[in-house]
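So the chains spell out like this:
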Amino acid sequence: MAADDFRIIASNTRLSDNLKRVYPADLDNVYMPGFDLLNSIPKKIVAEGDSIRKGVKLSAIGGFSAGTIGESSDYKRAQTNYNLKNFFQKILLDYNTVKRSDSSVEAFQNFMKEAISDARLDVLANQNRMLFGNADSLLGTISAVSTVGSVHTCTISDYNRTKLIKGSIVEVVTGTTERDVTFKITQIDHENSKAELTAISGAYTPVVNDVIYIQNGYHATTVNDWVGLKKALSATSGTLYGVTVQDGWGSYNLSAASARISMSLLRQCFYEHKAKEHTNVDVVVMGPLQMRLLEDQLEAQLTDTVLDLQGVSSKAGRPVRGLKIGGEVIPILVDDAMPNNEVWFLNRSKMALERQSEGEFIPGTEGMLHYQGINSGRHEYAMLWAQRSELFIDPRHQARLHTLATS
């Protein structure tokens with residue numbers, strides 16, 4: 001942090017380069033283990049504006065007779081349309097931390113390094129939830145609840161440990177009724193599929209069949225999450241980015257019919273997808289359960305390779321297991337967010353995390369620090385970081401092997 005950073009913040013006369021460029025880049029580009037797929041998808045800066053329009057090829061190669069060359073039916077591009085999603089992060093600072101920067105720039109600098117690191121972890125966790133998700137902001141459905149005061153211990157029927165993160169702010173919806181209450185996930189019991197929700201604003205007691213959503217995630221008509229791989233790979237009807245899902249705009253899906261994972265099934269999915277779409281994949285993604293079954297059966301047919309991380313500035317690589325198919329070694333990525341009975345073959349060059357910028361800190365009436373008032377006897381300030389982004393996935397270059405045995 002530059003020596004005048006705090007004085008600039010306090011006086012609100014101008015913004016330092018750190019607040020304009022360094023901190024947003026730190027939130028956007030620094031690699032953290034555990035989010036390898038997210039960090040390996042290319043990032044693109046798009047033009048300013050709320051919407052993105054992109055032409056994508058939908059038809060096969062045209063004919064070669066003299067009467068058909070140049071006809072519009074030979075080579076078509078359809079225009080996709082999608083809106084960038086707002087993404088926010090708040091970094092809280094207490095008065096003593098802010099005050100120390102008057103005499104010690106290093107103290108404030110060290111605090112900001114730690115705060116940025118923590119915020120980066122939260123940002124990645126939320127984005128990773130959206131990456132693997134279904135664009136619905138859904139965290140889980142309550143099947144049982146025990147309430148003591150403002151604390152509600154909820155059993156989740158469709159439990160997914162990667163969606164539920166301690167400290168997340170969530171809301172509860174009954175049917176289509178949004179409750180004017182926010183909760184914080186204060187405890188998680190992974191072994192028993194339970195989450196402890198503590199009301200922090202308003203009052204409501206969750207009941208069985210209520211649904212938990214990420215804060216501001218539920219809306220009857222508006223999608224507030226990225227499209228997500230689960231949605232893009234499993235869609236067989238409807239629309240993706242405004243284009244009707246059909247041959248040429250849909251991923252390849254192969255049912256394993258409850259069979260155990262095998263090289264035969266993996267090869268079938270790989271080659272049938274390749275023959276149909278004339279495309280290659282560059283990573284295989286599966287959950288820990290399917291990876292364990294794969295190693296139990298096919299350890300000798302696996303090798304070691306490196307997964308490139310195209311989405312971070314370091315251009316680093318991560319050692320992973322590799323699958324030998326078709327004269328190639330394809331990196332295998334293991335992620336807890338994957339469905340237990342599926343394997344995905346992905347082409348990351350046909351994906352992009354498209355953004356307006358690397359994000360920015362939002363100035364307010366108190367300069368870059370928003371005064372939050374007194375909390376537990378302490379004055380608090382906050383720095384608000386925002387980014388507008390969307391994950392674009394060309395589905396026909398991706399394949400999904402599903403309904404695998406889980407034992």
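The coordinates are above.
Residues numbered from 1 in each chain as written. Predicted model: local features only at pLDDT ≥ 70, side-chain atom pairs only at ≥ 80, totals over all residues. Heavy atoms only, no water.

Undergrad: Just checking my understanding: could you explain the side chain of D394 for this structure?
TA: Within the secondary structure, D394 sits in the loop between β23 (378-393) and β24 (399-402). At 4.7 Å, R396 is the nearest oppositely charged side chain to D394, a buried residue that forms no salt bridge. In this structure D394 touches W249 and K350, once residues within four positions along its chain are discounted. (Helix = DSSP H or I, 4+ residues; strand = E, 2+ residues; numbered from the N terminus. Buried < 20%, exposed > 50% of the residue type's maximum accessible area, 1.4 Å probe, protein only. Lys, Arg positive; Asp, Glu negative; His and termini not counted. Salt bridge = Lys/Arg side-chain N within 4 Å of Asp/Glu carboxyl O. Contact = heavy atoms within 4.5 Å.)

Undergrad: How should I be thinking about the sheet that holds strand β14 (residues 252-255) in this particular structure?
TA: Note: strands within a sheet are paired through backbone hydrogen bonds, in either parallel or antiparallel orientation. One open sheet holds the seven strands; their spatial order is β14-β24-β19-β15-β18-β17-β16, and the pairing between them is mixed. Looking at the sheet topology across the chains shown, the edges are occupied by β14 and β16 (302-308). With strand direction ignored, the average angle separating the axes of adjacent strands in the sheet is 30°. In the sheet, strand β15 (residues 283-286) pairs with strand β18 (residues 328-334) via three bridges, with the strands oriented parallel. (Pairing = 2+ DSSP bridges. Axes fitted to C-alpha atoms, helices over the stretch in contact; angles between N-to-C directions.)

Undergrad: Please clarify how the pairing of strand β7 (residues 169-174) should be interpreted in this entry.
TA: Note on strand geometry: in a regular strand, side chains alternate between the two faces of the sheet. Here β7 pairs with strand β9 (residues 182-189) via two bridges, running antiparallel. Across the sheet, residue V170 finds its bridge partner in β9, namely F183. Direction of pairing for β7 relative to strand β11 (residues 211-214): antiparallel, over a ladder of four bridges. Within the sheet, the bridge partner assigned to E171 lies in β11 and is Y213. Note: β7 against strand β8 (residues 177-178), two bridges, orientation antiparallel. Opposite V173, over in β8, you have E178 as the bridge partner. What sits between β7 and β8 in their antiparallel hairpin is a turn of two residues, with G175 showing a positive phi close to 60°.

Undergrad: What is the right way to look at the nonpolar core in this model?
TA: A general trend in soluble globular proteins is that nonpolar side chains are found buried together. In terms of nonpolar packing, the biggest core is built from 60 residues, with L229, V285 and L346 touching the most fellow members. With ten residues, helix α5 (residues 105-131) is the single largest residue contributor to this core. Leave out the neighbours within four places in its chain, and L346 touches L37, L229, L233, V281, D282, V283, V285, M351 and Q398. Counting residues in hydrophobic clusters, the runner-up holds 26 residues, among them I261, L294, V343 and L401. (Core = buried A, V, L, I, M, F, W, Y, C linked by side-chain atoms within 4.5 Å.)

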